[in-house]
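# Coordinate inspection notes
Listed here are the chains, written in short residue letters.
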Amino acid sequence: MRVVLMGPPGAGKGTQAAVVSGKLAVPHISTGDIFRANVSEGTELGRTAKRYMDAGDYVPDEVTNAMVRDRLAAPDASAGFLLDGYPRTTAQVGELDDMLAARGTSLDHVVELTVDVDEVVARLLARAQEQGRSDDDEQVVRRRLELYAEQTAPLTDSYAARGLLVRIDGMGSIDSVTDRILSALGG
Ligand code: AMP
């Protein structure tokens, strides 16, 4: 199964993606996690990504697309994946379609987690306290939410037009949201 999980920062995407990918037995591919791993390892990709991440901006499409292209070419992604945090721009939507079409495959579902914005800001600021993420201070959080609303939320329209989109209420307990996602995916 090839699934994209979308939703604003703080919607609980990462948590849900980890659980749902386990249930579906497909790899959880999070572009944010790959960038953070590169930042910790001090790679060139990490140094580039950090400048954008710390400002709450998107890493440029060509950098992100090349990274996803490599990751999806790995053998464990051939039978399916759960993409978390990608695509986020119109150009990324096109790239992903091309990557999959080149293998004769396509997406099965796009899940969008919907949440209350005030609740999201509260969650992100709590996470900043717990994990010390440098991209979670209030100004950066607001910038990331703005970018999501401007650039990423509109992408759901094109997925809806293709009949791929399922909107899931992301509020409530972790387990109840997981159940909603799995039942929407037919599991
Ligand atoms: P996330 O953990 O998904 O919230 O991602 C953390 C940060 O990584 C984002 O705020 C962006 O700076 C960067 N990032 C992750 N995924 C993408 C993407 N698909 N396109 C551009 N930047 C991304």
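Up top you'll find the structure we're talking about.
Residues numbered from 1 in each chain as written. Predicted model: local features only at pLDDT ≥ 70, side-chain atom pairs only at ≥ 80, totals over all residues. Heavy atoms only, no water.

As a general feature of sheets, a regular strand has side chains that alternate between the two faces. By the alternation rule, side chains of strand β3 (residues 81-84) split into F81 and L83 and L82 and D84, which are all buried. Sheet topology note: the strand β1 (residues 2-6)/β3 ladder contains four bridges and is parallel. Considered in β3, the bridge of L5 is made with D84. Summarising the sheet, strand β2 (residues 28-30) and β3 pair through three bridges and their orientation is parallel. In the strand pairing of β3, S30 is matched with D84. (Buried < 20%, exposed > 50% of the residue type's maximum accessible area, 1.4 Å probe, protein only. Helix = DSSP H or I, 4+ residues; strand = E, 2+ residues; numbered from the N terminus. Pairing = 2+ DSSP bridges.)

Moving on: the sheet that holds β3. Taken in spatial order, the five strands make up an open sheet running β2-β3-β1-β4-β5, and their pairing is parallel. Among the strands making up the open sheet, the edge pair consists of β2 and β5 (165-169). For this sheet the average axis-to-axis angle between neighbouring strands, irrespective of direction, equals 20°. (Axes fitted to C-alpha atoms, helices over the stretch in contact; angles between N-to-C directions.)

Here V68 is to be found in helix α4 (residues 61-72). Here V68 is in contact with T31, Y86 and M99, once residues within four sequence places are set aside. (Contact = heavy atoms within 4.5 Å.)

What follows deals with the site of the ligand. Lining the immediate environment of the ligand, one finds 15 residues, of which T31, R36, D57, G85 and R88 sit closest. The side chain of R36 places a nitrogen or oxygen atom 2.9 Å from an oxygen atom of the ligand. Looking at the shell around the ligand residue by residue, the class counts come to five nonpolar, five polar and five charged. (Near = heavy atom within 4 Å. Polar contact = N/O pair within 3.5 Å; in protein donor to acceptor, adjacent residues only side chain to side chain. Nonpolar A, V, L, I, M, F, W, Y, C, P; charged D, E, K, R; others polar.)

This part is about the pattern of salt bridges. Using the criterion set out here, one finds nine salt bridges in the structure. In this structure, R69 and E95 form a salt bridge, with 2.9 Å as the shortest nitrogen-oxygen distance. Taken as a pair, R69 in helix α4 and E95 in helix α5 (residues 90-101) lie far apart in primary sequence, 26 residues in all. Here R69 falls in the partly exposed class, since its relative accessible area comes to 39%. Across the pair R71 and D76 runs a salt bridge, and its minimum N-O distance is 2.8 Å. One connected set of salt bridges, linked through shared partners, spans D57, R143 and E146. (Salt bridge = Lys/Arg side-chain N within 4 Å of Asp/Glu carboxyl O.)

The biggest cluster of nonpolar side chains holds 22 residues, and the ones touching the most others in it are L72, L96, L107, V110 and Y159. Considering every element that reaches this core, the biggest residue donor is α5, with four residues. The contacts of V110, once residues within four sequence positions are left out, are V4, M6, Y159, L164, L165 and V166. (Core = buried A, V, L, I, M, F, W, Y, C linked by side-chain atoms within 4.5 Å.)

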